[in-house]
Amino acid sequence: MEEEPVLVERRAGYRVITLNRPQRLNAFTEAMHQALKRAIADAEGDSACRALLLTGAGRGFCAGQDLNERVSKDGKTMVLGHSLEVHYNPLVRKLRALPFPVVAAVNGIAAGAGANVALACDIVLAARSASFVQAFARIGLVPDAGGSWILPRLVGPARARGLALTAEPLPAEKAEAWGLIWKMLEDDDLLGEAHRLCLHFASAPTVGLALTKRILEESWSNDLDTQLDLERESQREASLTPDYAEGVHAFLEKRPPVFTGRHS
Ligand code: T3D
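Read on for an overview of the structure. None of these values were measured; they are calculated from a predicted model.

## Regarding the site of the ligand
Lining the immediate environment of the ligand, one finds 26 residues, of which Gln 65, Leu 67, Arg 70, Ser 83 and Ala 113 sit closest. Within the side chain of Arg 24, one N or O atom sits 3.1 Å away from an oxygen atom of the ligand. The contact in question runs from an oxygen atom of the ligand to an N or O atom on the side chain of Ser 83, over 2.3 Å. Burial of the ligand by the surrounding chains reaches 69%, relative to a free accessible area of 1000 Å². Elements with a contribution of two residues or more to the shell around the ligand: α2 (81-97) and β6 (109-111). Here the element with the most residues in the shell around the ligand is α2; it accounts for three residues. Class assignment of the residues belonging to the shell around the ligand gives a composition of 14 nonpolar, six polar and six charged.

Dropping the structure here:
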């Protein structure tokens, strides 16, 4: 029997979700999608959870869709729209909309949808030995899991086209230099830094961070005028939180703030 496809660890103020099919470089199966969906929903439903760490077991982060599930048994053509509709698209939308930061610790190769799920996270850390491959072109597919949207925004159109059309692996060091990810770390330091960040977020002003996620996301489709209005409304909302009052008091009293992460 296969092990649990996703492992969940509860830490103080955050959760760690580990994709756990190391023998297949953590490629997505139907069961892994279901387990990941449940794990994320549980984290979202827990008011004590204020950050998420997503990583992979073994030497890879995630190799995208498990292609063993894409071999037709009856000779019929595999049509993939449904899989995007019910799995990958909701996953990417959920990661972007979670009301707390999501940190991806990319511990090894991230290929296909595995790369783009990592890039959908708020902060992407990668081990020096990791790399990102838009593997789709190798098998006649197009970038999915948000890749066609996020790549040009992160690295610009020329590099996005290069990555997507050649499917050449992009090593972590270059990914950092290109602005694809937040930071590359030595392999042994990756998880330590990911936990340090999550611990930081676990005592951060979570509502303000959630609003920050939202306005940055919406900025892509807004003109400046609309975005200024959105900032005004979001700042109004943020200023109503106890964490804003605490932040100001703590600053004036020259002490560290104690944020609850609550709306009221
Ligand atoms: O279908 C839909 O629902 C639509 C959505 C599609 C989204 C997608 O993600 S499409 C893209 C799918 N992914 C790929 O095409 C990547 C396939 N994998 C690779 O190209 C290579 O494995 C890597 C470049 C990622 C890593 O290469 P390497 O040399 O480091 O490792 P390896 O030896 O190829 O892989 C190790 C094992 O994992 C190996 O199994 P074995 O031979 O030891 O029994 C390999 O077959 C298995 N594996 C790796 N990736 C997948 C996989 N098995 C199934 N599906 C995979 N995607």
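## Some points on helix α7 (residues 190-202)
If you check α7, its first and last C-alpha atoms are 18 Å apart, about what 13 residues at 1.5 Å a residue would give, namely 18 Å. Among the residues making up α7, those that are buried are Leu 190, Glu 193, Ala 194, His 195, Leu 197, Cys 198, Phe 201 and Ala 202.

## Brief notes about a nonpolar patch on the surface
Among the surface-exposed residues, Tyr 244, Val 248, Phe 251 and Leu 252 lie close enough to one another that they form a single nonpolar patch of about 470 Å² accessible area. As for its placement among the helices and strands, Phe 251 is situated in helix α10 (residues 242-252). On the accessibility criterion, Phe 251 (65% relative accessible area) is exposed.

## Focus on the pattern of salt bridges
With the rule as written, the count across this model stands at 15 salt bridges. A salt bridge links Arg 232 to Asp 229, with the nearest nitrogen and oxygen atoms 3.3 Å apart. One end of the pair is Arg 232 and the other is Asp 229, both in helix α9 (residues 224-239) and three residues apart, which spans about a single turn. Under the relative-accessibility criterion, Asp 229 is labelled partly exposed at 40%. Notably, a salt bridge pairs Glu 253 with Arg 255, separated by 2.7 Å at the nearest N-O pair. The class for Glu 253 is partly exposed, based on a relative accessible area of 45%.

## Examining the nonpolar core
With 65 residues, the main nonpolar core has Leu 36, Val 106, Phe 132 and Leu 180 as its most contacted residues. Beyond its immediate chain neighbours, meaning those up to four positions away, Leu 180 contacts Leu 119, Phe 132, Leu 151, Leu 154, Val 155, Leu 170 and Ala 175.

## Quick word on the environment of Val 155
Tracing the backbone through its elements, the reader meets Val 155 in helix α4 (residues 147-155). Residues Val 155 and Ala 175 lie 20 residues apart in sequence; the distance between their C-alpha atoms is 8.9 Å. Setting aside chain neighbours within four positions, we find Val 155 in contact with Ala 160, Leu 163, Trp 178 and Leu 180.

## What to know about the sheet that holds strand β9 (residues 170-171)
Pairing within the open sheet is mixed, and its four strands lie in the order β4-β6-β8-β9. Each edge of the open sheet is held by one strand with a lone partner, namely β4 (60-62) and β9. Relative to β9, strand β8 (residues 131-133) runs antiparallel, the two being bridged by two bridges. Counterpart to Ser 131 in the pairing with β9 is Pro 171.

## Focus: the side chain of Asp 144
Along the chain, the position of Asp 144 falls in the loop between β8 and α4. Despite its burial, Asp 144 pairs with no opposite charge; the closest candidate is Arg 70, at 8.5 Å N-O.

## Notes on the packing of α4 against helix α5 (residues 157-166)
Taken N-terminus to C-terminus, the directions of α4 and α5 make an angle of 135°; their axes are 7 Å apart at the nearest point. In terms of their interaxial angle, α4 and α5 are classed as oblique. Judged by the twist between their axes, the crossing of α4 over α5 is right-handed. Side by side, α4 and α5 meet where Leu 151, Pro 152 and Val 155 of the first sit next to Pro 157, Arg 159, Ala 160 and Leu 163 of the second.

Cut-offs and rules
- Residues numbered from 1 in each chain as written.
- Predicted model: local features only at pLDDT ≥ 70, side-chain atom pairs only at ≥ 80, totals over all residues.
- Heavy atoms only, no water.
- Near = heavy atom within 4 Å.
- Polar contact = N/O pair within 3.5 Å; in protein donor to acceptor, adjacent residues only side chain to side chain.
- Areas by Shrake-Rupley, 256 points an atom, 1.4 Å probe, with all protein chains shown as cover.
- Helix = DSSP H or I, 4+ residues; strand = E, 2+ residues; numbered from the N terminus.
- Nonpolar A, V, L, I, M, F, W, Y, C, P; charged D, E, K, R; others polar.
- Expected span 1.5 Å × (residues − 1).
- Buried < 20%, exposed > 50% of the residue type's maximum accessible area, 1.4 Å probe, protein only.
- Patch = residues over 30% accessible without salt bridge, like charges linked within 9 Å, V, L, I, M, F, W, Y side chains within 5 Å.
- Salt bridge = Lys/Arg side-chain N within 4 Å of Asp/Glu carboxyl O.
- Core = buried A, V, L, I, M, F, W, Y, C linked by side-chain atoms within 4.5 Å.
- Contact = heavy atoms within 4.5 Å.
- Pairing = 2+ DSSP bridges.
- Lys, Arg positive; Asp, Glu negative; His and termini not counted.
- Axes fitted to C-alpha atoms, helices over the stretch in contact; angles between N-to-C directions.
- Parallel < 35°, antiparallel > 145°, perpendicular 65-115°, else oblique.
- Left-handed = near helix turned anticlockwise from the far one by under 90°.

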